[in-house]
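Structural features, examined
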Amino acid sequence: MHDKDTWDTHMAPPRLTLVKTGHETDPGRPDDGRTEAERAEAEAQAAAVVAVAEREADKARIAELVAGERRQKLRILEAALFAASEPLDEARLAAHLAGEEAIGELLAELQGQYAGRGVSLVRVAGKWAFRTADDLSYLLERYQSVERRLSKAALETLAIIAYHQPVTRAEVEEIRGVSTSAGTLDILLETGWVRPRGRRRAPGRPVTYGTTEAFLEHFGLDSIRDLPGLAELKGAGLLDSNLPPGFTVPEPTDVAALMPDELPLDAGDEEAAEEGATEPEPTLDLLDTDDNDKPEPSGA
């Protein structure tokens, strides 16, 4: 028994004793070996980095939120324009958005998104609408139906009204040099491209005529001022290069309000009726579709 006890005593594993080093026992130095000032500076720098990261994260979240709201507004405008049966002005489009919005910037961005696609967002008559891309219009020709072609007289009359409005029938005839049949004006009124504006403050109170929004929409014009000028007409070969000296093309204007020399139709009708001088009102019956304009008799 004694030998076993002696063997157990000599063969037991040695015991380890931990001895603290000098800096660990120094209360002025923390366990990582840095002073309090160094550790405070490191903590301040870490806090600054965290604050910057949080600010950047907040900016990113705000930017994402703003971008999401803008995308939603563009989708709303896109849906409204797609569903509309006629061009919409900016006021009606803005009514679909909450609050005051830079509607012009949104429409310009949406127009850019559709650039080069099968349909385009275009501005016609001061309003916005989707239209088939010009280079793809041939794909729809098979679905178009043309009831009639305008006569030369109707085209000339339409051009004179567009460039000289407001203009009376007598003034159209003076510019053309021939009398204008009633059927010519009837056709233009039926198309919806021409409208009676008022009555001239002149003997007989003749009716004045001007173009409509339908005219701008059909010819893809934003305003009547977009009609081609003299140089453009020459370049397109629509005018003879040998024009009379001093020949000019008037700058077209289309003022919705009556001009100073115009009277409202109702007031003009009443005054003309009182004086016993009236001009027959234009009728929408298609009396004559042919070009029956005749030169005015000499001395007329």
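Below you will find a few notes about this structure.

Conventions used here
- Once a new chain begins, its residue numbering starts again from 1 and follows that chain's sequence as written.
- Only residues with pLDDT of at least 70 get local features here, since the model is predicted, and only at 80 or more are side-chain atom pairs given and counted; chain-wide, interface and lining totals rely on the full set of residues.
- Based on all heavy atoms of the structure, the side-chain values leave hydrogens and waters out of the count.
- Going along the chain from the N terminus, every DSSP run of H or I of four or more residues is numbered as a helix, and every run of E of two or more is numbered as a strand.
- The contact rule is simple, with two residues in contact once any of their heavy atoms fall within 4.5 Å.
- Note on method: axes are straight lines fitted to C-alpha atoms, helices fitted across the in-contact stretch only, with angles between N-to-C directions ranging 0 to 180 degrees.
- Between 65 and 115 degrees an angle is taken as roughly perpendicular, under 35 as roughly parallel, over 145 as roughly antiparallel, and anywhere else as oblique.
- When the near helix sits turned anticlockwise from the far one by under a right angle, the crossing is termed left-handed; a clockwise turn instead gives a right-handed crossing.
- Residue polarity is assigned by list, with Asp, Glu, Lys and Arg as charged and Ala, Val, Leu, Ile, Met, Phe, Trp, Tyr, Cys and Pro as nonpolar; anything else, Gly included, falls into the polar class.
- Pairing between strands is defined by DSSP: at least two bridges between the two strands are required.
- Nonpolar cores are built from buried Ala, Val, Leu, Ile, Met, Phe, Trp, Tyr and Cys residues. Side-chain atoms within 4.5 Å join them into one set.
- To sort residues, take the accessible area from a 1.4 Å probe on protein chains only and compare it with the maximum for the residue type: under 20% means buried, over 50% means exposed, and anything in between is partly exposed.
- Centre distance within 6.5 Å is the pairing criterion for rings of Phe, Tyr and Trp, where only the six-membered ring of Trp is used; planes under 30 degrees apart are then read as stacked, over 60 as edge-to-face, and the remainder as tilted.
- Patch rule: a residue counts if its relative accessible area is over 30% and it has no salt bridge; like charges are joined within 9 Å, and nonpolar side chains (Val, Leu, Ile, Met, Phe, Trp, Tyr) within 5 Å.
- Throughout, the Shrake-Rupley method with a 1.4 Å probe supplies accessible areas, and for residues the shown protein chains are the sole cover considered.
- Counted as salt bridges are all cases of a side-chain nitrogen of Lys or Arg within 4 Å of a carboxyl oxygen of Asp or Glu.
- Lining residues are those with an atom within 4 Å of a point, where the points come from a 1 Å grid over the protein atoms alone and group into cavities, where a 1.4 Å probe fits but cannot get out, or pockets, open sets with protein on both sides within 12 Å along at least five of seven lines.
- Grid points are joined across faces, edges and corners, and a volume is the space filled by probe spheres set on the points.

**A word on the overall build of the chain**
Check the secondary structure of the chain and you find 10 helices and 6 strands. Within the chain, counting contacts between residues at least 6 apart in sequence, those at least 24 apart form 60% of the total.

**Quick look at the packing of helix α5 (residues 152-164) against helix α7 (residues 182-191)**
Where α5 contacts α7, the axes come no closer than 9 Å and their chain directions differ by 65 degrees. Of the possible angle classes, the one that applies to α5 and α7 is roughly perpendicular. As for how α5 packs across α7, the hand of that crossing is right-handed. Contacts from Ala153, Ala154, Thr157, Leu158 and Ile161 of α5 reach α7 at Thr184, Leu185 and Leu188. The class makeup of the residues in the contact of α5 with α7 is 6 nonpolar, 2 polar and no charged.

**Observations concerning the sheet that holds strand β5 (residues 207-211)**
In space, the 4 strands of this open sheet follow the order β3-β5-β4-β6, with antiparallel pairing throughout. Either end of the sheet is taken by a strand with one partner, and the two such strands are β3 (167-168) and β6 (262-263). Note that β3 and β5 share 2 bridges and pair antiparallel. Bridge pairing in β5 places Val167 opposite Tyr209.

**Topic: the nonpolar core**
Counting residues in each nonpolar core, the largest one holds 22 residues, and the members touching the most others are Ile161, Val194, Phe215 and Leu227. At the level of elements, α5, α7, β5 and α8 (213-218) are the ones that each hand at least two residues to this core. Setting aside chain neighbours within four positions, we find Ile161 in contact with Val167, Val172, Leu185, Leu188, Val194, Tyr209, Gly210 and Thr211. One finds Leu93, Leu110, Trp128 and Phe130 within the second-largest nonpolar core, a separate group that totals 15 residues.

**Some thoughts on the packing of aromatic side chains**
Under the criterion given, the structure shown has 3 aromatic pairs. Arranged with centres 5.4 Å apart and planes meeting at 65 degrees, the rings of Trp193 and Phe219 form a pair that is edge-to-face. In this pair, Trp193 sits in the loop between α7 and β4 (194-200) while Phe219 sits in the loop between α8 and α9 (230-235), placing the two residues 26 residues apart along the sequence. Judged by relative accessible area, which is 13%, Trp193 ranks as buried. Ring geometry for Phe215 versus Phe219: centroids 4.9 Å apart, planes at 50 degrees, classification tilted. Look at Phe215 and you get buried, because its relative accessible area is 4%. The class for Phe219 is partly exposed, based on a relative accessible area of 41%.

**A word on a nonpolar patch on the surface**
A surface patch of nonpolar side chains, amounting to about 280 Å² of accessible area, comprises Tyr138, Leu139 and Leu140. Structurally, Leu140 is set in the loop between β2 (127-132) and α5.

**What to know about the pattern of salt bridges**
According to the stated counting rule, one finds 12 salt bridges in the structure shown. The shortest N-O distance in the salt bridge between Arg225 and Glu251 comes to 2.5 Å. With Arg225 in the loop between α8 and α9 and Glu251 in the loop between α9 and β6, the pair connects residues that are 26 residues apart, well separated along the chain. By relative accessible area, Glu251 is classed as exposed at 59%.

**Overview of the layout of surface pockets**
If you add up the space inside the largest pocket, you get close to 1,200 Å³. Taken together, 34 residues form the lining of the largest pocket, with Leu155, Glu156, Leu158, Ala159 and Tyr163 sitting closest to its centre. Where the lining of the largest pocket is concerned, the elements lending two or more residues are α5, α6 (169-176), α7, α8 and α9. By residue class, the composition of the lining of the largest pocket is 23 nonpolar, 4 polar and 7 charged.

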